Amino acid sequence: MLHARLADLVLATHLVFVVLQRLRAVAGQAGYEGGFIERYASQLLYPADWETVHLWLGICLVLLNLLIYGVWFRQVRARRRAG
């Protein structure tokens, strides 16, 4: 479901980009350099500040790992106390 919504969002963004390009051409203005991928998707896939993204992803991964092991440890302790 989420995947379909994201695909619709990308498609809508792409269509808006194409329409804007066409309207600029009709008005005699220069369009954007490159295409949709270079203009929008590249910025999402390859952000300029990549080290900061890696740092935050690493922190989120460690926190998720601590959460999972914390839940697991509490369940093991509860089982040992119960039986």
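1. As for the overall build of the chain
The helix and strand inventory of the chain stands at three helices and zero strands. Along the chain, from the amino end to the carboxyl end, the secondary structure elements read α-α-α. Here the chain has a C-alpha radius of gyration of 23 Å; the compact-globule value for 83 residues is 12 Å, and the former is much larger. Referenced to the eigenvectors of the C-alpha coordinate spread, the extents of the chain come out at roughly 80 × 30 × 10 Å. Here the chain has roughly 7700 Å² of accessible surface; of this, 68% comes from carbon and sulfur atoms. In the chain, which carries 9 positive and 5 negative side-chain charges, the distance between the mean positions of the two groups comes to 24 Å.

2. A closer look at helix α1 (residues 2-26)
Compared with the 36 Å implied by 1.5 Å per residue over 25 residues, the 36 Å span of α1 between its first and last C-alpha is a close match. Once α1 finishes, G28 follows within two positions and takes phi at roughly 85°, a positive value.

3. Quick notes on the confidence of the model for the chain
Mean pLDDT over the chain: 84, with 98% of residues reaching 70 or higher. Taken element by element, the predicted model of the chain shows its lowest mean pLDDT in helix α2 (residues 36-45) (73) and its highest in helix α3 (residues 50-82) (93).

4. Notes on the packing of aromatic side chains
All told, the structure shown has one aromatic pair when counted by the stated rule. Aromatic side chains Y69 and W72 sit 6.2 Å apart centroid to centroid with 85° between the ring planes, which places their arrangement in the edge-to-face category. Residue Y69 and its partner W72 are both found in helix α3; the two are separated by three residues, about one turn of the helix. Look at Y69 and you get exposed, because its relative accessible area is 51%. Residue class for W72 comes out partly exposed when judged on its relative accessible area of 48%.

5. What to know about the environment of G83
Structurally, the position occupied by G83 is in the segment after α3. In this structure the C-alpha to C-alpha distance between G83 and R5, which are 78 residues apart in sequence, comes to 47 Å.

Rules and cut-offs
Residues numbered from 1 in each chain as written. Predicted model: local features only at pLDDT ≥ 70, side-chain atom pairs only at ≥ 80, totals over all residues. Heavy atoms only, no water. Helix = DSSP H or I, 4+ residues; strand = E, 2+ residues; numbered from the N terminus. Rg over C-alpha atoms; globule rule 2.2 N^0.38 Å. Areas by Shrake-Rupley, 256 points an atom, 1.4 Å probe, with all protein chains shown as cover. Lys, Arg positive; Asp, Glu negative; His and termini not counted. Charge placed at Lys NZ, Arg CZ, Asp CG, Glu CD. Expected span 1.5 Å × (residues − 1). pLDDT = per-residue confidence, 0-100. Phe/Tyr/Trp six-rings, centres within 6.5 Å; stacked < 30°, edge-to-face > 60°. Buried < 20%, exposed > 50% of the residue type's maximum accessible area, 1.4 Å probe, protein only.

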